[in-house]
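Here is how the chains run, residue by residue.
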Amino acid sequence: MMRSTPFMETDMRHISILAALLIAAGGAHAESPRDFLTRFEKEAGAAASPERGARFFTTKQSGEWSCASCHTDKPTQVGRHAKTDKAITALAPVANAERFTDAAKVDKWFRRNCNDTLSRLCTAQEKADVMGWLLSLK
Amino acid sequence: MTRQLALPFLLAALSLPALADSYSLPKNVAFEEECTSCHIAYPPQMLDARSWQHMMNGLANHFGTDASIDDRRRTAIADFLARNSGGRKTGRTVDAKGNPLLRITETARFERKHRDVTAATWKRASIKSPANCAACHAQAAAGDYSERSISIPK
């Protein structure tokens, strides 16, 4: 058994205070993938269709890319940036716990990637459909 | 030369090759988060301040992609890039008309350093683009472009 010295005790106390602060600070903003589905469905005023989401994700619209060009048509896998070749970690929440946990990040990438693939923003319904599909992947 | 003098000289000479071409990245959270998601961190030292300024003013159309970010972050990264830009080896990064270049791969220094790489090599499927530094420079993401970590893929 290890005996903790007074030094270690203060250390541990500091660490747990810090941890508590971090959890409190993070808790206010941390989101889960389901929260995004709920939000987009509410904005769209209609339920998500995972089938439509799958079609949207894997089909080229106006530009040279579809979502699948970088995220693959099986987003539980690692993707590759179509232009730079850089690896992109899996997009589906089941395969990557970091996905869809930060609203600023999610909104930023929907804005950019929709612009790049559709030359416009995605509608709330399109985002809900994609979310519904990504959450249905096993 | 006495031995006392020779040792420091020897040490300095030994450490020079490592320093000469190391583009180590100064730490910056905003730059890391916003400028390394689509490609490796390109070294701020490889373009002059005017080139970076132009790039940071046109992120909504960044080499054919939308890389736009909020203004607070944009200003912070622009400052970081300006502070760490250029240097003696880089010189001015402008085209023949004096307009700022946005691509490191179009600068005179890049062209000089890669004179021996043929056009066919750049187009290999394993390389795709001169901008894909990491295809040949294994340690590019860490800012190390030295000869010992270069290997051209087939």
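It should be noted that the structure appears before, not after, this text.
None of the values given here were measured: they were computed from a predicted structure. (Residues numbered from 1 in each chain as written. Chains lettered and ligands numbered in written order. Predicted model: local features only at pLDDT ≥ 70, side-chain atom pairs only at ≥ 80, totals over all residues. Heavy atoms only, no water.)

(A) Broad picture of the overall build of chain A. Tallying secondary structure elements over chain A gives 6 helices and 2 strands in all. In chain A, the succession of helices and strands from N to C terminus is α-α-α-α-β-β-α-α. Counting only residues that meet the buried cut, chain A has 36% of its 138 residues in that class. Look at the contacts in chain A between residues 6 or more apart in sequence, and 57% of them connect residues 24 or more apart. On chain A, roughly 8,700 Å² of surface is accessible, and the fraction owed to carbon and sulfur atoms is 60%. (Helix = DSSP H or I, 4+ residues; strand = E, 2+ residues; numbered from the N terminus. Buried < 20%, exposed > 50% of the residue type's maximum accessible area, 1.4 Å probe, protein only. Contact = heavy atoms within 4.5 Å. Areas by Shrake-Rupley, 256 points an atom, 1.4 Å probe, with all protein chains shown as cover.)

(B) Inspection of the state of the cysteines at higher detail. All told, the structure shown has 1 disulfide over all chains when counted by the stated rule. Note on cysteine connectivity: C114(A) is disulfide-linked to C122(A), with sulfurs 2.0 Å apart. Here the disulfide of C114(A) and C122(A) is left-handed, its torsion about the S-S bond being about -95°. The two residues C114(A) and C122(A) agree in class, both being buried. Residue C136(B) stays outside any disulfide, its sulfur separated by 8.9 Å from that of C133(B), the closest cysteine. Residue C136(B) is classed as buried on the basis of its relative accessible area of 13%. (Disulfide = S-S within 2.5 Å.)

(C) Quick look at the packing of helix 3 (residues 50-58) of chain A against helix 6 (residues 124-136) of chain A. All names here are of chain A. Relative to each other, helix 3 and helix 6 sit at 100°, their axes nearing to 7 Å. Relative to helix 6, the element helix 3 is oriented roughly perpendicular. Each of P50, R52, G53, A54, F56 and F57 in helix 3 lies in contact with helix 6, whose residues at this interface are Q125, E126, D129, V130, G132, W133 and S136. In the contact of helix 3 with helix 6, the residues fall into 6 nonpolar, 4 polar and 3 charged. (Axes fitted to C-alpha atoms, helices over the stretch in contact; angles between N-to-C directions. Parallel < 35°, antiparallel > 145°, perpendicular 65-115°, else oblique. Nonpolar A, V, L, I, M, F, W, Y, C, P; charged D, E, K, R; others polar.)

(D) Seen up close, the environment of A30(B). All names here are of chain B. Positionally, A30 belongs in helix 2 (residues 29-35). With 103 residues separating them along the chain, A30 and C133 place their C-alpha atoms 22 Å apart. With sequence-adjacent residues up to four places away left out, A30 is seen in contact with C35, R73 and I77.

(E) Representation of the side chain of S146(B). Residue and element names in this part refer to chain B. Along the chain, S146 falls in the segment after helix 6 (119-122). Taking relative accessible area as the criterion, S146 reaches 8% and is therefore assigned buried. A polar side-chain atom of S146 sits 2.7 Å from a polar atom in the side chain of D144. (Polar contact = N/O pair within 3.5 Å; in protein donor to acceptor, adjacent residues only side chain to side chain.)

(F) Representation of the interface of chain A and chain B. Taken together, the contacts link 13 residues of chain A with 15 residues of chain B. Here chain A packs against chain B, burying approximately 1,200 Å² in sum over the two surfaces, 41% of which is carbon and sulfur. When the buried surface of chain A facing chain B is broken down by residue, K83(A), K86(A) and R112(A) rank first, second and third, together holding 36% of it. Linking chain A to chain B there are 3 salt bridges. Of the charged contacts in the structure, one is a salt bridge between K108(A) and E34(B), with a shortest N-O distance of 2.8 Å. At the boundary of chain A with chain B, the tally comes to 10 residue pairs in polar contact (both at pLDDT 80 or more). Along the lines of polarity and charge, the residues of the side of chain A that touches chain B split into 3 nonpolar, 3 polar and 7 charged. (Buried area = accessible area lost by both parts, 1.4 Å probe. Salt bridge = Lys/Arg side-chain N within 4 Å of Asp/Glu carboxyl O.)

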